[in-house]
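# Understanding the architecture of this molecule
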Amino acid sequence: QVQLVQSGAEVKKPGASVTISCKASGYTFPGYYMHWVRQAPGQGLEWMGCINPNSGDTKYAQKFQGRVTMTRDTSINTAYLELSSLRSDDTAVYFCARDRANGYSSTRLYFDYWGQGTLVTVSS
Amino acid sequence: DIVMTQSPDSLAVSLGERATMNCKSTQSVLFNSNNKNYLAWYQQKAGQPPKLLIYWASTRESGVPERFSGSGSGTDFTLTINSLQAEDVAVYYCQQYYVTPTFGQGTRLEIK
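Okay, so let's go over this structure. Within each chain, residues carry numbers counting from 1 in the order of the written sequence. By the order in which they are written, chains take letters starting at A while ligands take numbers starting at 1. Local features are withheld for residues below a pLDDT of 70 in this predicted model, meaning they are given only at 70 or higher, and side-chain atom pairs are given and counted only at 80 or more; totals for whole chains, interfaces and linings count all residues. Side-chain metrics rest on all non-hydrogen atoms present in the structure, leaving aside hydrogens and water.

### Description of the interface of chain B and chain A
In what follows, residue pairs with any heavy atoms lying within 4.5 Å of each other are defined as contacts. Listed per partner, the contact involves 17 residues of chain B and 18 residues of chain A. Reported buried area values correspond to the accessible surface (1.4 Å probe) lost by two parts on association, with both partners' losses combined. Here chain B meets chain A over a buried area of about 1500 Å², counting both sides, of which 65% is carbon and sulfur. Contact with chain A buries area across many residues of chain B, yet P50, P101 and F103 of chain B alone supply 32% of it, more than any other trio. Criterion for a salt bridge: a side-chain nitrogen of Lys or Arg within 4 Å of a carboxyl oxygen of Asp or Glu. One can count one salt bridge joining chain B with chain A. For R100 of chain A, the salt bridge is made with E61 of chain B, and the minimal N-O distance between the two is 2.2 Å. A 3.5 Å cut-off defines polar contacts: any pair of N or O atoms within that distance qualifies, except that in protein one atom must be a possible hydrogen donor and the other a possible acceptor, and neighbouring residues in sequence count only when both atoms are side-chain atoms. On inspection of chain B and its partner chain A, the count reaches six residue pairs in polar contact (both at pLDDT 80 or more). Under the DSSP-based scheme used, a helix requires at least four consecutive residues in state H or I and a strand at least two consecutive residues in state E, with every element numbered from the N terminus. Here the side of chain B that touches chain A gets three residues from one element, more than from any other, and that element is strand β6 (residues 39–44) of chain B. Among the residues forming the side of chain B that touches chain A, the class breakdown is twelve nonpolar, four polar and one charged. Gly is put with the polar residues, along with every residue not named as nonpolar or charged; the nonpolar set is Ala, Val, Leu, Ile, Met, Phe, Trp, Tyr, Cys and Pro, and the charged set is Asp, Glu, Lys and Arg.

Set out below in structure tokens:
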């Protein structure tokens, strides 16, 4: 069965960077785009961007351009999200989520499997 | 960006009754070339990640109970839950995927 297992909670100081991992299993990792979505405490969902695990191509939401980097390691079926220059309003749960489309270079932009979430707390 | 607005913000419905919630987009998410609405619905229970319920505005995801249904086209959409069960307590989000994905703010569903 498809599983996305994320790394554990992080506490960071303002200005620092954080890297979160998302290990996929139960499907062909390169065949599906991986997205990252965050949710601030008590708030809604915000799409951050996605990566094509096959090619490494990325697309980022404009809001995060310059601060976000998405990478992958196909040898261990893992996607990564790095967010830099952290601020207090980056405190949120970060989810990885698999794109519905199966096609190595196609994307539907909606999400059929989600990781359990990683809480990132930014505090001095 | 397309802004998604859900209503109401919260909803209390008795067990066994029908729950109806709405989602409105600032521009049409109907792609004319395939006549599909690029709209999904998710259910998020407390402490859990979202779960895909509906895509293409009205197609139920595999394993989702038939009491969940989606309708609408263009800019106005509805999620209906018939015969509400206790396990349906959650926050429900709509999401457009016509362009860069955006979500509504959510509708919180409780038992009356």
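### Some points on the nonpolar core
The definition of a nonpolar core used throughout is a set of buried Ala, Val, Leu, Ile, Met, Phe, Trp, Tyr and Cys residues joined through side-chain atoms within 4.5 Å. Relative accessibility decides the category of a residue: with a 1.4 Å probe and only protein chains considered, values under 20% of the type maximum give buried, values over 50% give exposed, and everything between is partly exposed. By size, the foremost hydrophobic cluster in this structure holds 48 residues, and its most contacted members are M34, W36 and M48 of chain A. Apart from residues lying up to four places away in sequence, M48 of chain A is in contact with W36, V37, R38, Y60, A61, F64, V68, M70, L81, L83 and Y94 of chain A. Membership of the second largest hydrophobic core comes to 23 residues, among which are V13, C23, L53 and L84 of chain B.

### A word on the sheet that holds strand β9 (residues 68–73) of chain B
Residue and element names in this part refer to chain B. One open sheet holds the four strands; their spatial order is β1-β3-β10-β9, and the pairing between them is antiparallel. Strand pairing shows two members of the sheet lacking a second neighbour, β1 (4–7) and β9, which therefore form its edges. Across the sheet, the mean angle from the axis of one strand to that of its neighbour is 20°, orientation sign disregarded. For two strands to count as paired, DSSP must find a minimum of two bridges between them. Of the pairings in the sheet, the one linking β1 to strand β3 (residues 19–25) comprises four bridges and is antiparallel in character. A fitted line through C-alpha atoms serves as each axis, taken over the contacting stretch for helices, and the angle formed by two N-to-C directions is quoted from 0 to 180°.

### Let's talk about the sheet that holds strand β1 (residues 3–6) of chain A
The strands that make up a sheet pair up through hydrogen bonds in the backbone, lying either parallel or antiparallel. Residue and element names in this part refer to chain A. With antiparallel pairing, the four strands of this open sheet are ordered in space as β1-β3-β8-β7. Every other strand in the sheet has two partners, leaving β1 and β7 (68–73) as the edge strands with one partner each. Direction aside, the axes of adjacent strands within the sheet are offset by 20° on average. Of the pairings in the sheet, the one linking strand β3 (residues 18–25) to strand β8 (residues 78–83) comprises six bridges and is antiparallel in character. Along β8, the bridge assignment pairs C22 with A79.

Keep in mind that these numbers describe shape and distance, not what the molecule does.
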